[in-house]
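Per-entry structural report
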Amino acid sequence: GIQVEQSPPDLILQEGANSTLRCNFSDSVNNLQWFHQNPWGQLINLFYIPSGTKQNGRLSATTVATERYSLLYISSSQTTDSGVYFCAVELRGYNKLIFGAGTRLAVHP
Amino acid sequence: KAGVTQTPRYLIKTRGQQVTLSCSPISGHRSVSWYQQTPGQGLQFLFEYFSETQRNKGNFPGRFSGRQFSNSRSEMNVSTLELGDSALYLCASSLGVGGDEQFFGPGTRLTVL
């Protein structure tokens, strides 16, 4: 089956720093989403980005579908950015998401 | 527009019991998917329902089942609970046409003692 690999697994930043999270996937996908899981467990939608580039405030994402990877950029990080970031993909014809293992981000003041 | 709702939010059961979790999707969404999250296995797909029919199923034992009603609300049931069923159960809602964005509810945290 398709493999979804996220790196790095853990990241520690000082407030104000920038970071890049990576998601590699092993097959062509119909959908790719980035989520932030808050301390209570809810998955918050960040980007729906099967291809191209999107920006939302301090966050932006790029998916290069032909090379099977996606990047999530966090600029000027804040303590509220702490948590786990997941990348999830969906294969064509299967309405289910396959998740990576996540990147655990800790932002210190 | 209201988001995805799940009830109950927390549940404590003992081994051998059964449990039913409920999910109400975003208005107009016809697909509901269920996922299990554990520290050891991460986020895993359980099943997906569309128009009251199970369309996809993950690799879980038959003790895990679900259904969807005509108003798109969905329930999942776990029978003969085991300690390993302790997890966060997340429900996702989407239009269901394939490749569309999925939105998650707050989850139900199940503890099996």
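Structure report, in brief.

About the cut-offs
- Residues numbered from 1 in each chain as written.
- Chains lettered and ligands numbered in written order.
- Predicted model: local features only at pLDDT ≥ 70, side-chain atom pairs only at ≥ 80, totals over all residues.
- Heavy atoms only, no water.
- Pairing = 2+ DSSP bridges.
- Helix = DSSP H or I, 4+ residues; strand = E, 2+ residues; numbered from the N terminus.
- Axes fitted to C-alpha atoms, helices over the stretch in contact; angles between N-to-C directions.
- Buried < 20%, exposed > 50% of the residue type's maximum accessible area, 1.4 Å probe, protein only.
- Polar contact = N/O pair within 3.5 Å; in protein donor to acceptor, adjacent residues only side chain to side chain.
- Contact = heavy atoms within 4.5 Å.
- Buried area = accessible area lost by both parts, 1.4 Å probe.
- Salt bridge = Lys/Arg side-chain N within 4 Å of Asp/Glu carboxyl O.
- Nonpolar A, V, L, I, M, F, W, Y, C, P; charged D, E, K, R; others polar.
- Phe/Tyr/Trp six-rings, centres within 6.5 Å; stacked < 30°, edge-to-face > 60°.
- Lys NZ or Arg CZ within 6 Å of the ring centre and 35° of its normal.

**Structural notes on the sheet that holds strand β7 (residues 59-64) of chain A**
Residues and elements named next belong to chain A. Pairing is antiparallel in the open sheet, where five strands are placed in the order β1-β3-β8-β7-β6. Looking along the sheet, the strands with just one partner apiece sit at the ends: β1 (4-7) and β6 (52-56). Strand-to-strand, the axes of this sheet are offset by a mean angle of 15°, without reference to chain direction. Sheet analysis places strand β3 (residues 19-25) next to strand β8 (residues 69-74), joined by six bridges and oriented antiparallel. Bridge pairing in β8 links C23 to S70.

**Quick word on the side chain of A:T103**
Residues and elements named next belong to chain A. Position of T103 among the secondary structure elements: in strand β11 (residues 103-108). Residue classification places T103 among the buried residues on the basis of a relative accessible area of 0%. Engagement of the side chain of T103 in a polar contact is seen with the backbone oxygen of P8, the distance being 2.6 Å. Those residues in contact with T103 that lie beyond four places of it in its chain are Q6, S7, P8, P9, L11, L21, G83, V84 and Y85.

**Focus: the interface of chain A and chain B**
With 18 residues of chain A at the interface, the matching set in chain B holds 23 residues. Summing both partners gives a buried area of about 1700 Å² for chain A against chain B, and 47% of it is carried by carbon and sulfur. Put simply, chain A and chain B have zero salt bridges between them. Elements with a contribution of two residues or more to the side of chain A that touches chain B: β4 (31-37), β5 (43-48) and β9 (83-90) of chain A. Ranked by the residues each element gives to the side of chain A that touches chain B, the list is headed by β4(A), at four residues. For the side of chain A that touches chain B, a count of residues per class yields eight nonpolar, eight polar and two charged.

**Looking at the environment of B:G99**
Within the secondary structure layout, B:G99 lies in the loop between β9 (87-94) and β10 (103-104). Setting aside residues no more than four positions away along its own chain, B:G99 makes contact with A:N30, A:N31, A:Y48, A:E90 and A:N95.

**Observations regarding the packing of aromatic side chains**
Throughout the structure, instances matching the rule amount to nine aromatic pairs over all chains. Ring centres of A:F99 and B:Y35 lie 5.7 Å apart, and the angle between their planes is 80°; this geometry places the pair in the edge-to-face category. Of this pair, A:F99 sits in strand β10 (residues 98-99) while B:Y35 sits in strand β4 (residues 31-38), on two different chains. This pair shows no difference in class: A:F99 is buried, exactly as B:Y35 is. Ring centres of B:Y35 and B:F45 lie 5.7 Å apart, and the angle between their planes is 70°; on these two criteria the pair is classed as edge-to-face. Residue B:Y35 is located in strand β4, and its partner B:F45 is located in strand β5 (residues 42-50); the two are separated by ten residues in the primary sequence. Take B:Y35 and B:F45: they sit in the same class, and that class is buried. Taken together, the aromatic side chains of A:F35, A:F86, A:F99, B:Y35, B:F45 and B:F104 make up a single cluster linked through ring pairs. Directly above the aromatic system of A:Y69 lies the positively charged group of A:R22, at a separation of 4.3 Å from the ring centroid. One Lys or Arg, B:R55, reaches over the ring of B:F50 and ends 4.3 Å from the middle of that ring.

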